[in-house]
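Breakdown of the fold
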Amino acid sequence: MSDDDLTEAADAIRRGEAVVYPTETVYGMGADATNSDAVERVFDIKGRPRDNPLSAGFPDVDAALEYVVADEMEDAFMRRFLPGPVTVVVERRESLPDVLVAGRDRVGVRVPDHELARDLFRAAGTPVTATSANRSGTGSITHPSQLSAEIRDAVAFVLDGGTTPGTESTVVDPGRGIIHRRGAMADEIEAWLEANE
């Protein structure tokens, strides 16, 4: 993995293309989350239903807060659990397009505990889609060698970060106290939500 690879992947995202990148859970598929056409491309590549929203990845919580609205409790939750294997559902700002969130008013925020992923987001200079790099309905990818030929051909670049752990992120809406999907750190998250009701 060289700086050139990172630059090439970030450039592809800025051009509206999709790339594959590693996280602390599984490999993700990234495109410019503010560009409706780029987001549509991710849905097409994955064969994902348009009514199933995508999350957005950011290099840090402060970068996320430029695109989402968080109250004091949601802000505290994000600063406690991010970076980490957690997708935090909060209110989106208008700068994130309807297609990303299937027309909903909330969006999943991801700040991976993975330096390469955060470096990519930083270099791209835009929110990046955070969804697993597999066809919908097939298993998650923990190493680039597992990518289907279909996906490899459809993306502009694959950032190889070796093998990832493979645990899914926990998806949580802290403002509503709802855990949508239990994954990494779910018990710890549940305890925090109960303590901060």
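Let me sum up the structure you'll find in this document. (Residues numbered from 1 in each chain as written. Predicted model: local features only at pLDDT ≥ 70, side-chain atom pairs only at ≥ 80, totals over all residues. Heavy atoms only, no water.)

Notes on the environment of Glu 188
Within the fold, Glu 188 resides in helix 7 (residues 186–195). Residues Glu 188 and Phe 81, spaced 107 residues apart in sequence, show a C-alpha to C-alpha distance of 9.5 Å. Those residues in contact with Glu 188 that sit more than four places away from it in its chain are Arg 80 and Phe 81. (Helix = DSSP H or I, 4+ residues; strand = E, 2+ residues; numbered from the N terminus. Contact = heavy atoms within 4.5 Å.)

A look at the packing of helix 4 (residues 72–81) against helix 7
In the contact formed by helix 4 and helix 7, the axes pass within 12 Å of each other and the chain directions differ by 150°. Accordingly, the angle class assigned to the pair helix 4 and helix 7 is roughly antiparallel. Where helix 4 crosses over helix 7, the two elements pack in a sense that is right-handed. Along its contact with helix 4, which presents Met 73, Ala 76, Phe 77, Arg 80 and Phe 81, the element helix 7 presents Glu 188, Ile 189, Trp 192 and Leu 193. Here the residues of the contact of helix 4 with helix 7 are counted per class, giving seven nonpolar, no polar and two charged. (Axes fitted to C-alpha atoms, helices over the stretch in contact; angles between N-to-C directions. Parallel < 35°, antiparallel > 145°, perpendicular 65-115°, else oblique. Left-handed = near helix turned anticlockwise from the far one by under 90°. Nonpolar A, V, L, I, M, F, W, Y, C, P; charged D, E, K, R; others polar.)

Focus: the pattern of salt bridges
Taken as a whole and judged by the stated rule, the model has 17 salt bridges. A salt bridge links Arg 92 to Asp 98; the shortest N-O distance between them is 2.5 Å. Note that Arg 182 is salt-bridged to Glu 190, the shortest N-O span being 3.2 Å. One network of salt bridges, in which partners are shared, links Glu 74, Arg 106, Asp 173 and Arg 176. (Salt bridge = Lys/Arg side-chain N within 4 Å of Asp/Glu carboxyl O.)

Digging into the pairing of strand 9 (residues 170–173)
Of the two faces of strand 9, both are covered, the one formed by Thr 170 and Val 172 as well as the one formed by Val 171 and Asp 173. Where strand 5 (residues 86–92) lies against strand 9, three bridges are found, and the strand directions are parallel. Of the residues in strand 9, the one forming a bridge with Val 88 is Val 172. The pairing of strand 9 with strand 10 (residues 178–181) spans three bridges and is classified as antiparallel. Each bridged residue has a counterpart across the sheet, and for Val 171 the counterpart in strand 10 is Arg 181. Linking two consecutive strands that pair antiparallel, namely strand 9 and strand 10, is a turn of four residues; a positive phi of about 65° is found at Gly 177 within it. (Buried < 20%, exposed > 50% of the residue type's maximum accessible area, 1.4 Å probe, protein only. Pairing = 2+ DSSP bridges.)

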